[in-house]
Amino acid sequence: MSDLVPDTTELLFLDVSHLEPPEPLTIILATLEQMGVTQTLTVQHRREPFPLYPLLDDLGYQHRCNKIGEDDYRIYIWRSGLQNPASLCDDERDG
């Protein structure tokens, strides 16, 4: 494990599923500005936020999206270069 990969990560949760566009995008980006280096943001959304993905790439974040059910998505966002929280993503999808 490299020094850039934390042993643990703090998870933040954000529910934007009740908001109309463009509020989810705006709130997600504002939350990312406040995130610490080792934090992972979990976003509950009612659709997959395709317009967000190129912005995340430009800002140095990675992401993964799991469709949990009809109109129920979980988007995981973490800083590039840090450990992919894939096990967390898989656990959420399986639950």
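Analysis parameters
- Residues numbered from 1 in each chain as written.
- Predicted model: local features only at pLDDT ≥ 70, side-chain atom pairs only at ≥ 80, totals over all residues.
- Heavy atoms only, no water.
- Salt bridge = Lys/Arg side-chain N within 4 Å of Asp/Glu carboxyl O.
- Helix = DSSP H or I, 4+ residues; strand = E, 2+ residues; numbered from the N terminus.
- Buried < 20%, exposed > 50% of the residue type's maximum accessible area, 1.4 Å probe, protein only.

J.: How should I be thinking about the pattern of salt bridges in this particular structure?
T.: Any two side chains of opposite charge can pair if their charged atoms end up close together. Under the criterion given, the structure shown has two salt bridges. One salt bridge connects Arg 46 with Glu 20, and the closest N-O pair in it is separated by 3.3 Å. Here the residue Arg 46 occupies a position in the loop between strand 2 (39-45) and helix 2 (52-59), and Glu 20 occupies one in the loop between strand 1 (10-15) and helix 1 (23-34), the gap between them amounting to 26 residues. The exposure class of Arg 46 is buried, given its relative accessible area of 19%. We note a salt bridge from Asp 72 to Arg 74, for which the minimum N-O separation is 2.3 Å. Classification of Asp 72 by relative accessible area gives buried; the value is 19%. Its relative accessible area of 11% is what places Arg 74 among the buried residues.

J.: Hey, could you run me through unusual backbone geometry in this one?
T.: Negative phi values dominate among residues other than glycine, just as trans dominates among peptide bonds. Here Pro 21 and Pro 22 are connected by a cis peptide whose omega angle stands at 5 degrees. With respect to the helices and strands, the residue Pro 22 is situated in the loop between strand 1 and helix 1. In this structure, Asp 71 is a non-glycine residue whose phi angle is positive, near 60 degrees. Tracing the sequence through the fold places Asp 71 in the loop between strand 3 (61-69) and strand 4 (72-79).

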